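Close look at the chain arrangement
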Amino acid sequence: MRASGMTGENRPANAAPRRVPGDGSIWVFVFGDMVIFSAYFSAYMIDRGHNRPLFVESQRLLNQNIGVINTLLLLTSSLFVALSVQAAKAADFRLALRFLTGGAAFGIGFVILKSCEWYLKLSHGLSLGTNAFFMHYYMMTGLHFFHVLLGLVILFVVYRELKAQTPRPHVLEIGATYWHMVDFLWILIFALLYLMR
Amino acid sequence: VTPYLRNPMTYTWAFLAIATLIGLLLGHDADAHQGSTWITAAILLIAVVKTRLVMRRFMEVRSAATWLKWACDTWLVYLFAMVLYLYGKNF
């Protein structure tokens, strides 16, 4: 699936075929997750429609500020990972490592803050069995949390590649693609769970 | 480091951060008005635009194969329409 090519929008007629970032297999995985999450989003919206007052009241118990900070943490993490890939492509592996470490640090920040948020909710008696909204809240954020943890493991694999100073370009891009997917899934979860009324 | 911080990806991040804060303000507004289809549509639209930016800029879909661009955009349009339809149906 991989092929080299230009990265700009203006392409000459004899340009190489457009490429797929990473390789085809990571995009199969990404689209698989997109389908799974969109099915979950539709299930959430259907349940929400059946009991809108309960969902709106329960949503008010979530802390939007924590949600925003978590969003900013993942966005910043994504930026650092994207810059790391750019630096690696420019063969500046030392800088790429620093950016990647920054990206992982913001990802760990997300994990810590999300854990604190769950702890606060549970200590207030808001658990998976409280009502339909909190069932969806824990399931959706829990599934996403698992993706974040897996993403951190993948970033560690990328870190080792960079540390060896002989990174395989597609490995960096695969890791980055997965991490950005984790970012955009959270953007959508944040809008659905925390913001819409 | 400086050239990397002054590149389009950093500007994209700044836009995404500002859009996140606008979404938060709209969320507060929706709360005050006991829900509003227009505010919810705006919140969803911002989320979809942010997702598209992450895909195109950070995931490099912007310069990727045409089928990949179309597949990402189709999913985003489907998601936006599906959520808005289910929201409006039971409002």
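Look up a bit, the structure's there.
Residues numbered from 1 in each chain as written. Chains lettered and ligands numbered in written order. Predicted model: local features only at pLDDT ≥ 70, side-chain atom pairs only at ≥ 80, totals over all residues. Heavy atoms only, no water.

Topic: the nonpolar core
- The biggest cluster of nonpolar side chains holds 88 residues, and the ones touching the most others in it are Trp27, Phe41, Tyr137, Leu162, Phe184 and Leu193 of chain A together with Met55 of chain B.
- Counting only elements with at least two residues in this core, the list comes to α1 (24-50), α3 (64-89), α4 (93-123), α5 (132-163) and α6 (169-195) of chain A together with α2 (8-32), α3 (37-58) and α4 (66-89) of chain B. (Core = buried A, V, L, I, M, F, W, Y, C linked by side-chain atoms within 4.5 Å. Buried < 20%, exposed > 50% of the residue type's maximum accessible area, 1.4 Å probe, protein only. Helix = DSSP H or I, 4+ residues; strand = E, 2+ residues; numbered from the N terminus.)

Focus: helix α2 (residues 52-59) of chain A
- Looking at α2 of chain A, one finds that the buried residues are Arg52, Phe55, Val56, Ser58 and Gln59 of chain A. Viewed along the axis of α2 of chain A, the buried residues span an arc of 165°, placing them on a single side of the element.
- Tucked into the core, α2 of chain A has its buried residues touching α1, α5 and α6 of chain A together with α4 of chain B. (Arc of directions from axis to C-beta. Contact = heavy atoms within 4.5 Å.)

What to know about the interface of chain A and chain B
- Chain A puts 57 residues into the contact, and the matching count from chain B is 51 residues.
- Approximately 4,600 Å² of surface area, both sides summed, lies buried where chain A meets chain B, with 72% of it carried by carbon and sulfur atoms.
- Our enumeration of links across chain A and chain B arrives at two salt bridges.
- Between Glu60 of chain B and Arg19 of chain A there is a salt bridge, and its shortest N-O distance comes to 3.4 Å.
- Where chain A packs against chain B, one counts nine residue pairs in polar contact (both at pLDDT 80 or more).
- Put simply, the parts of the chain that give the side of chain A that touches chain B at least two residues each are α1, α3, α4 and α6 of chain A.
- Ranked by the residues each element gives to the side of chain A that touches chain B, the list is headed by α3 of chain A, at 15 residues.
- When the residues that make up the side of chain A that touches chain B are grouped by side-chain class, the tally is 32 nonpolar, 13 polar and 12 charged. (Buried area = accessible area lost by both parts, 1.4 Å probe. Salt bridge = Lys/Arg side-chain N within 4 Å of Asp/Glu carboxyl O. Polar contact = N/O pair within 3.5 Å; in protein donor to acceptor, adjacent residues only side chain to side chain. Nonpolar A, V, L, I, M, F, W, Y, C, P; charged D, E, K, R; others polar.)

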